[in-house]
Amino acid sequence: MTLKHYSPLFLAILILISCDQKQQKQENSSAEKSEETTKDTIVFKSEPLVKDQYTADPSAHVFEGKIFIYPSHDWDSGKPEMDDGNHFNMKDYYVFSMESPTSEVVNHGKVLDVEDVAWAKRQMWAPDAAEKDGEYFFFFPAKDKDDIFRIGVAKSDKPEGPFTPEKEPIEGSFSIDPAVYKDTDGEYYMYFGGIWGGQLQRWLTGEFEDEDNYPADDEPAVAPKVAKMSDDLLSFAEEPRDIEILDENGGLITTGDNERRFFEAAWVHKYKDKYYFSYSTGDTHNIAYAIGDSPYGPFTYQGVVLEPVLGWTNHHSIVEFDGKWYIFFHDSSLSEGKTFLRSMKMMELEYDEDGKIKTLQSFTEAD
Ligand code: FUB
């Protein structure tokens, strides 16, 4: 992940915002409202769920009848913006809950700090959580003392934590963005990986390489990973496997297919007995999805769940509550476009009669 160069969409949005501010000033001074000066205003479809701190990468689950949200905790550490995402320098995690999708958001406070994780050095990125037999497991990526991303696990007897970390990261774990899916048969699977700053492209040989190594544009793109979890959810029960994302002809999506290839932010949910693998396309900023018949895939590309948001990253989770489906995501509206200071939001998600997800936009441009 990198923010060195802003995307055209992001720049366009900033221009629109500044146009709007200029227009507002003009309107205030002249008290005249022409058609032209009110054009191109961004209207966000939802408000940040939390406004007194920055929250990103929200992983939502229904535990004990409530919605629990496990986000990253963005802050401005003063690190310069670098290609490797160094400025996403998060150092702790907070947990939030809602009685229902329309209830107020409760902040349960800090649940884990990098200082308490023996193996971790910095950059606590997108986490997730799972419940098993009344115990709660918090999964999180962080860079270890050698600056290699690993995935850790911490435990609690309550969904709101606090969580006690294991002394070592999950053996054989690497890269970022763990998402743990509990299947209807009681098995648990971890999906993970992210290219660029997430380092997935450095593991193509099975060993960590010091240099980035991407397949050529006409070769299959770097694959996200999946592994079944052990019974105690503290380790992988198997070697992580590649996830195949296929195009409409059954071919693997290639590196050059920037609009559809995997970048980061994997999530899996089940709808009408099909597995939906959704993910961020990263520098093309979509949340895309693909459908399969097994938790291991292959998954066939279907389309876009959520179009680019204000900001650079796009990251989401999908959860069912009371028969309705919701997407949790983030944008940079609260920080007025600062891409590393994000705020979580939610919207209802709908399917058509064929199980296709209706594409969402997080804002409109009003006249
Ligand atoms: O929050 C840090 C990173 O930004 C996450 O791990 C990625 O998915 C992206 O949202």
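Just so we're clear, the structure is a prediction, and the values are computed from it rather than from any experiment.

Q: Pulling in residues and values, what's your account of the sheet that holds strand S18 (residues 287–292)?
A: Pairing is mixed in the open sheet, where five strands are placed in the order S15-S19-S18-S17-S16. The open sheet has two edge strands, strand S15 (245–246) and strand S16 (264–271), and neither has a second partner.

Q: How would you summarise the site of the ligand if you had to cite specific residues and measurements?
A: By nearness alone, 12 residues border the ligand, and Asp57, Met90, Asp177, His315 and Arg342 come closest of all. Within the side chain of His315, a nitrogen or oxygen atom sits 2.6 Å from an oxygen atom of the ligand. In this structure, Arg342 approaches the ligand through a side-chain N or O atom, which is 2.7 Å from an oxygen atom. Contact with the protein chains covers 100% of the free accessible surface of the ligand, which is 270 Å². In terms of residue class, the shell around the ligand is made up of five nonpolar, three polar and four charged.

Q: Break down empty space enclosed by the protein for me, with residues and values.
A: For the coordinates displayed, the defined rule picks out two cavities of 30 Å³ or more. The space that makes up the second largest cavity amounts to roughly 30 Å³. Around the second largest cavity, the lining residues are Ser59, Pro127, Asp177, Pro178, Ala179, Ala265, Ala266, Trp267, His315 and His316. The biggest single contributor to the lining of the second largest cavity is S16, with three residues. Partitioned by chemical class, the residues of the lining of the second largest cavity number six nonpolar, three polar and one charged.

Q: So what's going on with the pattern of salt bridges? Which residues, and what values?
A: Scanning the model with the defined rule gives 23 salt bridges in all. For the salt bridge of Asp283 with Arg261, the shortest nitrogen-to-oxygen distance reads 2.5 Å. In this pair, Asp283 is assigned in the loop between strand S17 (274–280) and S18 and Arg261 in the loop between S15 and S16, connecting sequence segments 22 residues apart. Given a relative accessible area of 21%, Asp283 falls into the partly exposed group. Classification of Arg261 by relative accessible area gives buried; the value is 5%. Through salt bridges with shared partners, a single ionic network connects Lys91, Asp92, Lys110 and Asp113.

Q: Please provide a residue-by-residue account of the layout of surface pockets, values included.
A: Taken as a whole, the largest pocket holds about 520 Å³ of empty space. As for the largest pocket, its lining consists of 24 residues, of which His61, Val62, Tyr181, Lys182 and Val319 are closest to the centre. Put simply, the parts of the chain that give the lining of the largest pocket at least two residues each are strand S2 (56–63), strand S7 (128–132), strand S11 (179–182), strand S12 (188–192), S16 and strand S20 (316–321).

Q: Quick one: what's the story with unusual backbone geometry, residue by residue and with numbers?
A: At the junction of Gly161 and Pro162, the peptide bond is cis and its omega measures out at 5° in the coordinates. Along the chain, Pro162 turns up in the loop between strand S9 (149–156) and strand S10 (164–165). That bond from Gly297 to Pro298 is cis: its omega, 0°, falls within 30 degrees of zero. Tracing the chain through its elements places Pro298 in the loop between S18 and strand S19 (299–306). Even without being glycine, Asp57 reaches a positive phi, approximately 55°. Structurally, Asp57 is set in strand S2. With relative accessibility at 6%, the residue Asp57 sits in the buried group.

Q: Can you explain the packing of aromatic side chains? Please cite residues and give values.
A: All told, the structure shown has 33 aromatic pairs when counted by the stated rule. When the ring of Tyr93 is compared with that of Phe138, the centres are 4.9 Å apart and the planes differ by 75°; the resulting orientation is edge-to-face. Within this pair, whereas Tyr93 is found in strand S4 (residues 92–98), its partner Phe138 is found in strand S8 (residues 135–144), the two being separated by 45 residues in sequence. Of the residues examined, Phe138 reaches a relative accessible area of 0% and is grouped as buried. Relative to Phe140, the ring of Trp119 lies with its centre 5.8 Å away and its plane at 15°, an arrangement referred to as stacked. Here Trp119 is found in the loop between strand S5 (106–113) and strand S6 (120–122), whereas its partner Phe140 is found in strand S8, with 21 residues between them in sequence. Across this residue pair, the class does not change: Trp119 and Phe140 are buried. One aromatic cluster in this structure is built from Phe63, Phe68, Tyr70, Tyr93, Trp119, Tyr136, Phe138, Phe140 and Phe163. When the ring centre of Trp75 is taken as reference, the NZ or CZ atom of Lys91 above it lies at 4.3 Å. Against the face of Tyr301 rests Arg260, its NZ or CZ located 5.2 Å from the ring centre.

Reading the values: the criteria
Residues numbered from 1 in each chain as written. Predicted model: local features only at pLDDT ≥ 70, side-chain atom pairs only at ≥ 80, totals over all residues. Heavy atoms only, no water. Pairing = 2+ DSSP bridges. Helix = DSSP H or I, 4+ residues; strand = E, 2+ residues; numbered from the N terminus. Near = heavy atom within 4 Å. Polar contact = N/O pair within 3.5 Å; in protein donor to acceptor, adjacent residues only side chain to side chain. Areas by Shrake-Rupley, 256 points an atom, 1.4 Å probe, with all protein chains shown as cover. Nonpolar A, V, L, I, M, F, W, Y, C, P; charged D, E, K, R; others polar. 1 Å grid on protein atoms, 1.4 Å probe; cavity = no way out; pocket = protein on both sides within 12 Å on 5 of 7 lines; lining within 4 Å. Points joined across faces, edges and corners; volume = space filled by probe spheres on them. Salt bridge = Lys/Arg side-chain N within 4 Å of Asp/Glu carboxyl O. Buried < 20%, exposed > 50% of the residue type's maximum accessible area, 1.4 Å probe, protein only. Phe/Tyr/Trp six-rings, centres within 6.5 Å; stacked < 30°, edge-to-face > 60°. Lys NZ or Arg CZ within 6 Å of the ring centre and 35° of its normal.

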